[in-house]
Amino acid sequence: MTILKLVIRRSLMSVVTLLLVSLIIFSMLEVLPGDVASRILGRDATPETLGQLRTELGLDKPAPVRYLSWLGGLVTGELGQSLVSSRPVEEILAPRIFNTVLLSAYAFLIYLPLTIIPALLQALNRDRSVDHAFSVVTLVLLSVPDFLLATILLLAFVVMIPLLPAISLVDQSSSAWEYFRAMTLPALTLAIVMAVYAVRMLRDNLIEVLDSDYIRMAELKGLSRRRVLLRHALPNALVPTLNVTALNLAYLVGGVVVVEKVFSYPGFGSLLVDSLQLRDLPVIEATVMISAFVYVVANLIADVAAILLNPRLRTG
Amino acid sequence: MSVDTLSAPPGRTRSRWTSLPSLWRQTPLSFRIGLIVLVAHLLVAATGQFWAPYGFSQMGTGRPLSGMSWTHPFGVDQLGRDIFSRVVHGSHIVILLSLSGTLLGLIVGAVLGLLSGYVGGWIDEVLQRFLEALISIPFLVLALIAIAAAGPELAGNPVLIVLVVALVYAPRIARMARSVAVDIATRDHVTVARLRGESAWSVMRRELLPNATSVLLVEFALRAGYAPVLIGSLGFLGFGLRPPTPEWGLMISENRALIIVTPITVLGPGLALASLVVGLNLFTEGLARILGRTVKLGVQ
Amino acid sequence: MDAKPVISVEGLSVSYRQGAGFTRVVEDVTFAVAPGEVFGLVGESGCGKSTIALQMLGYRPPAMRTDAGAINFEDRNLLALDRSGLDRVRGARVAFVPQNPTTALNPGIRVGSQIDEILAAHGADAAAARVDRTLELFGLVGLPAKPEFLRRYPHQLSGGQQQRVCIAMALACDPAFVVLDEPTTGLDVTTQEQIVALLIDLRARLKMSMLYVTHDLGLLSQIADRVGVMYAGRMVEIAPTAELFTDPKHPYTRGLIGSIPRIEDRSGLPARPLRGLLQRHELPKGCPFAPRCDWATPECFEERQELEPAGPSREVACWRWHEIAVPADARAVSQAPEVDHPDRLLAIDKVTVTYGSGRGAFVAIRDISLDIGKGETFALVGESGSGKSTLARAVAGLIAPAEGTIALAGKPLAGLVRQRTPEERRLIQFVFQNPDASLNPRARIAKALARPLAFFFGHASEARVQAALADVRLDGKYAARFPDELSGGERQRVAIARGLVAEPSLLLCDEILSALDVSVQASILALLQRLKAERGVAMLFISHDLAVVRMLADRVCVLFRGDIMEIGRRDQVFSAPFHPYTHSLLEAVPAPLKPNAHKGGASNEAANAPSDKGCAYAGRCAWQIGEICTKERPPWRETDQGLRIRCHHSLDELTSLATWPNATDIDDGRAAQ
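Residues numbered from 1 in each chain as written. Chains lettered and ligands numbered in written order. Predicted model: local features only at pLDDT ≥ 70, side-chain atom pairs only at ≥ 80, totals over all residues.

1. Some remarks on the overall build of chain B
- The number of helices and strands found in chain B is 10 helices and 0 strands.
- Written out in order from the N terminus, the α and β elements of chain B read α-α-α-α-α-α-α-α-α-α.
- Expressed as a percentage of its 300 residues, the buried residues of chain B come to 54%.
- Look at the contacts in chain B between residues 6 or more apart in sequence, and 70% of them connect residues 24 or more apart. (Helix = DSSP H or I, 4+ residues; strand = E, 2+ residues; numbered from the N terminus. Buried ≥ 20, exposed ≤ 12 C-beta atoms within 10 Å, placed from the backbone. Contact = placed C-beta atoms within 7 Å.)

2. Here's the deal with the overall build of chain C
- Scanning chain C for helices and strands turns up 25 helices and 24 strands.
- The long-range fraction of contacts in chain C, counting pairs at least 24 apart against all pairs at least 6 apart in sequence, stands at 68%.

3. With respect to the confidence of the model for chain B
- Here chain B shows a mean pLDDT of 84. Residues at 70 or above account for 91%.
- Note on residues 10-17 of chain B: pLDDT is under 50 here. Beyond four places in sequence and across chains, it has 5 contacts. (pLDDT = per-residue confidence, 0-100.)

4. What to know about the nonpolar core
- Ala143 of chain B together with Ala168, Leu211, Leu508 and Leu540 of chain C are the most contacted members of the largest nonpolar core, which has 376 residues in total.
- Here Leu540 of chain C is in contact with Ile372, Phe378, Leu380, Ala392, Val395, Leu506, Leu508 and Cys509 of chain C, once residues within four sequence places are set aside. (Core = buried A, V, L, I, M, F, W, Y, C linked by C-beta atoms within 7 Å.)

5. Some words on the interface of chain A and chain C
- If you look at the interface, chain A gives 19 residues, while chain C gives 26 residues.
- Only α9 (213-220) and α10 (225-262) of chain A provide two or more residues apiece to the side of chain A that touches chain C.
- With 5 residues, α9 of chain A is the single largest residue contributor to the side of chain A that touches chain C.

6. What to know about the environment of Leu141 of chain A
Residue and element names in this part refer to chain A.
- Here Leu141 lies in helix α6 (residues 129-142).
- On the basis of neighbour count, Leu141 is assigned to the partly exposed category, with 18 C-beta atoms found within 10 Å.
- In this structure the C-alpha to C-alpha distance between Leu141 and Leu238, which are 97 residues apart in sequence, comes to 24 Å.
- What Leu141 contacts, discounting residues up to four positions off in sequence, is Ile192 and Val196.

7. Some points on the interface of chain A and chain B
- Contacts between the two partners involve 44 residues from chain A, matched on the other side by 40 residues from chain B.
- Elements with a contribution of two residues or more to the side of chain A that touches chain B: α1 (2-31), α6, α7 (146-160), α8 (176-210), α10, α11 (268-278) and α12 (281-309) of chain A.
- Partitioning the side of chain A that touches chain B into residue classes produces 34 nonpolar, 7 polar and 3 charged. (Nonpolar A, V, L, I, M, F, W, Y, C, P; charged D, E, K, R; others polar.)

8. Description of the environment of Val294 of chain A
- Within the fold, Val294 of chain A resides in helix α12.
- Through-space distance from the C-alpha of Val294 of chain A to that of Leu220 of chain A is 45 Å; in sequence the pair is 74 residues apart.

9. Regarding the packing of α7 of chain A against α10 of chain A
Residues and elements named next belong to chain A.
- The geometry of α7 relative to α10 is characterised by a closest axis approach of 9 Å and an angle of 30 degrees between their N-to-C directions. Taken as axis vectors, α7 and α10 run roughly parallel relative to one another. Taken as a pair, α7 and α10 cross one another with a handedness that is right-handed. On the side of α7, the interface is formed by Asp146, Phe147, Ala150 and Thr151, while α10 contributes Gly255, Val258, Val259 and Val262. (Axes fitted to C-alpha atoms, helices over the stretch in contact; angles between N-to-C directions. Parallel < 35°, antiparallel > 145°, perpendicular 65-115°, else oblique. Left-handed = near helix turned anticlockwise from the far one by under 90°.)

10. With respect to the packing of helix α3 (residues 83-119) of chain B against helix α8 (residues 200-237) of chain B
Residues and elements named next belong to chain B.
- With their axes 7 Å apart at the nearest point, α3 and α8 run at an angle of 145 degrees to one another. Where α3 crosses over α8, the two elements pack in a sense that is right-handed.
- Residues belonging to the contact of α3 with α8 are distributed by class as follows: 21 nonpolar, 4 polar and 1 charged.

11. Some words on helix α18 (residues 488-501) of chain C
All names here are of chain C.
- Between the first and last C-alpha of α18 there are 20 Å, a value that for 14 residues agrees with the 20 Å anticipated at 1.5 Å per step.
- Of all 14 residues in α18, 13 are buried, a share of seventy percent or more.
- Two residues or fewer after α18 comes Glu503, characterised by a positive phi angle close to 50 degrees. (Expected span 1.5 Å × (residues − 1).)

12. What to know about helix α5 (residues 139-150) of chain B
- Between its terminal C-alpha atoms α5 of chain B stretches 16 Å, which fits the 16 Å expected from 12 residues at 1.5 Å a residue.
- Burial of α5 of chain B is extensive: 11 of the 12 residues sit out of reach of the surface.

13. Topic: the sheet that holds strand β18 (residues 428-431) of chain C
All names here are of chain C.
- Here 8 strands make up an open sheet; going across it, the order is β18-β19-β20-β15-β21-β22-β24-β23 and the pairing mixed. A strand with exactly one partner marks an edge of an open sheet, and here the two such strands are β18 and β23 (636-638). Strand-to-strand twist across the sheet, computed as the mean angle between neighbouring axes with direction ignored, equals 20 degrees.
- Across the sheet, α18 touches β18 and β19 (506-510), and the angle it forms with β18 is around 175 degrees. (Pairing = 2+ DSSP bridges.)

14. Thoughts on the sheet that holds strand β13 (residues 344-355) of chain C
- On the basis of which strands lie adjacent, the open sheet formed by 4 strands has the order β14-β13-β16-β17 (chain C) and antiparallel pairing. Of all strands in the sheet, those bounded by a partner on one side alone are β14 (362-373) and β17 (411-412) of chain C.

15. What to know about the domain arrangement of chain C
All names here are of chain C.
- According to the domain assignment, chain C contains domain 1 (103-172), domain 2 (375-398 + 416-560) and domain 3 (574-657).
- On the side of domain 3, 9 residues touch domain 2, which itself brings 5 residues to the contact.
- If one sorts the elements of the side of domain 2 that touches domain 3 by residue count, helix α20 (residues 546-552) sits on top with 3 residues.
- Here the residues of the side of domain 2 that touches domain 3 sort into 4 nonpolar, no polar and 1 charged. (Domains from an automatic or database assignment.)

16. Side note on unusual backbone geometry
- In this chain, Pro243 of chain B is followed by Pro244 of chain B through a cis amide linkage whose omega measures 5 degrees.
- Looking at the secondary structure, you find Pro244 of chain B in the loop between α8 and α9 (248-255).
- The amide bond that connects Ala576 of chain C to the next residue, Pro577 of chain C, takes the cis arrangement and shows omega of 0 degrees.
- Non-glycine residue Arg279 of chain A carries a positive phi angle of around 55 degrees.
- With respect to the helices, strands and loops of the structure, Arg279 of chain A is situated in the loop between α11 and α12.
- In this structure, Asp174 of chain C takes a positive phi of about 50 degrees despite not being glycine.
- By secondary structure assignment, the location of Asp174 of chain C is in the loop between α7 (159-171) and β7 (177-181).
- Looking at Asp174 of chain C, the number of C-beta atoms within 10 Å reads 11, which means it is exposed.

17. Overview of the pairing of strand β8 (residues 209-214) of chain C
Residue and element names in this part refer to chain C.
- Of all 6 residues making up β8, 6 are buried, and the element is well covered by its neighbours.
- What you see with β8 is no split at all: Ser209, Leu211 and Val213 on one side and Met210, Tyr212 and Thr214 on the other are buried throughout.
- As paired elements, strand β3 (residues 38-42) and β8 share 5 bridges and run parallel to each other. If you follow Val42 over to β8, its bridge partner there is Thr214.
- Running through helix α8 (residues 189-206), the crossover from β7 to the neighbouring parallel element β8 is right-handed. (Right-handed = clockwise from strand over helix to strand, strands pointing away.)

18. A look at the environment of Thr30 of chain C
Residue and element names in this part refer to chain C.
- Note on placement: Thr30 falls in strand β2 (residues 21-33).
- Given 17 C-beta atoms within a 10 Å radius, Thr30 is considered partly exposed.
- Linking Thr30 and Ile71, residues 41 residues apart in sequence, is a C-alpha distance of 9.3 Å.
- With near-sequence residues (within four places) excluded, Thr30 lies in contact with Val9, Glu10 and Gly11.

As structure tokens, then:
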């Protein structure tokens, strides 16, 4: 009962956050100083085109009305029309989202072993050379921006060892193999960036658990090393790990923007950059809302999982 | 025996700050390496304009795309500009923008967060929801739409970049400062000040801020470490500074097409950027350890 | 020690990594524990006693290094065993009871399984047999021996129950030796008492050998056969418990014993409270205790004495032990005289304070009326949760009373501090329990004292700050220091000074001694006595420590669950008739050499929830009459001397029920009452 209440409370908070996000995005892009129409048209604006565009966008209506109708569209899935191609936004988004989800899933597959294995090795060899070596490597990798890492990987696997394509253009007609080849470099980039961060956190969490009173107690009870590690340490290190993974999912939403752009992968992130360059407002708004939605849901899942895994809240 | 006045025993005064060399030796290794790297970068930033071999937009300094050589350690781009000189000239731009953006974010975030955490109540609740919403927009996305919202007249303006960095950081710093304030606010010395009737501003200045400095310092260093990457990403995507500004992210983007012919034109600016961030990260980690805090490197 | 010892420690030296180098924390310690013996290890925090406790199980955290020595147990050296060898000893032959059961039990595993796994690890194969054994163990330690109870998670148990689980776990495999590392320190006073009673009971029944590590020497008098006193990593004295208390040889032991407040003793405070505390790097080359020792000679600083025999089964490490003939108990500071204060300063009228609202509301204090005279020291006594701190917070304006009024010098005070006038805020000052938290760690002492001066009087002079320090007997040089450069006692002096510079008429002292070491407590208490006489400031003195209250208070009020149980002048409260709760508090005070102090059973853990009807103490009362106690609110009974007791028993009945103090404890002073 209490668990259900907590979960509902937490979910409601996420809804409030998303509402606020929509308000912030809307006001930033439409209400803030400067005329939207002239911003969209930029230097090519003439009085006629401006007036035409204003009516087209419904800019003659007051801002709160426009906000509510946009919000209604978000909820029902009618995201309006692209200003550039005049196609419905949801039609433009669908294939891009598919591509990005595929890429993210691939990245996560690489990310898991890349995280768990080094972190375990470090925690078990704490303060020895293995631990220090990994710490140095992760620290350096942590400092390499994702666009630079992508470029270096490109140099390595395309220029020096020509295994993979430099440009990851795919569409519905591409075969699974083409998809796989196209996605490998972007996925590897994302996985490394996520793993570097997660390894450091997981190592610290594991060490913290291994340092805790109950692990010492378990050792003083004469339990075997194996049992101490598997039964007492790992389950308790799991909850913070979930948190890292949620954070990483949140990173991914921003990370795809750069990485997809580097490899010209036709996903959701490159769509955002393109539409920003074209000042295609309805597409920008929809994309940003989706990225915030993913972030909020990822955090919600992590928190709910933490609630469910917390023995203090478990009944019976 | 009655209670005599306690005289201050000798040797308990702070002897930590005796001599600089011994102080240096007490600091963690990561701090020392980080500091050396940082000082090197700051020196280049401060003096680079005077000794850089060529101007940042000077063309025809060598044969275009001629690769690495003694005269052109980072190669030459297709316009014949010396990349090494451009990197040196760009140094102060990257560092200045990063530090001022982070500092602005820190000031705004710390004041908001500390006050909000101390005052509590509905003001705190509303502010927290609002900050949470801002944090929910991935920071690169937030930076991009902020630049889009600013409109074409301001695009490429360094002041805009500073404001955008501050906008991205302030909510995150505020959230952290708030949790520190909530923690400190329950301590008895704050209750003592409250009982005396001190105003919220006075409590923040006298009781919260001095005790939050170490956290805020680490936070500043941590965020400053990521600011060059953020600015670089914006430049790389074409939303940052305008060419021919020698901003490192922008240069990596410009020279990416040359990677097959002359990879050093990309790796040179990349090395500069990565070494600056490594330096800042090492410095942050060491600083955190000196101040007895833990820090999660990597801003996510 | 006729028989072969169960376990013996020989020449043990241990270091901890600190920065680049190692710091010695245990230096050449040797002792042995005989079969069936309880050996107590005592010393202040950081003296190395817990390190030794862990070494007895061959346990060594990554930063710890054993430099020399051996621990012999069942013909093996525990320090030389590998991990699998240790796994066979730990839990099975040598068991451990931790300091903090809340963190020592794995939060994610049911308590039954946590005991089950130790049985399984040491050879009990049949699952059913293990369950039976677990239930048997739970019965042994006074926990419900029910299968449902095995399925609980640690957080579903109280602190006392968690510690019982840990004790059951330690006993699971019938070990030959049990190490107890401060097993009651993390618990509240009442629970502490029950756990000690359980241990005494188990000890009598199981005839086990134990090492009992604690900082509380008074506690050891009840449970240990022999005591080893440690100071700065060295053993300074070993003696049978009774002899240690009657005839301590080492100056440090004398200080420790002299510092224990004694409730039965009316003559006053210990003569030689221990002075100051030292950082480890400030220790001299010779005897580590020399800087704090009243008997130290220059040679003590230069050369260290090893343990040497000082009588049958006694050892001491001091150059001058045979010369020091002053009795440890020479007391000079006496109990403050009880004074009448007829002018009323603070009037608390029918005050009720609740936390939270609606269904979850919790009544912390209910309908309390009392007043404090000008210059009077008024003590509030009760266990944690009795509402005594809540009352102080309401007076200070940190929480507004739900009902009732609080008036200062005849004028009613607003509920919350921000609605009060600056003058009202100045007149009431608060001193908190923990000086570590109540001083801003980033402000120098001068700043901490100057701020209230500037705030209330508009200006703060260097001279005023110096005078404020002098008032609390601190040297003027302290002004330039930060709180972390002061000891706990010095910090509490500063906190008191900060309250006094505002020139209040009422000082609220919330458990201001309980975070301090006993030795420091004594000197702060003496300071308070002096301030009371010199400054004429009234004090609301909150404490759970009856011995301290008895030294200081003019009047005493005993609270239980937000209700006043007994209120009156000090000497009245400390003599029959007693309220049953007051009586149980007096009985619970641990005192050295008070045999069988604990008559309470091992299992009255939980009391009934408080109800609006009846007596708040019903359910826990040893003298309960019957249904009337839970159904009807007890009447006030008043003696001729003005002592008021709330109880269904008549005053005569209460007088006849009283057994405190024990016949052996009665000293001359009490008869006069």
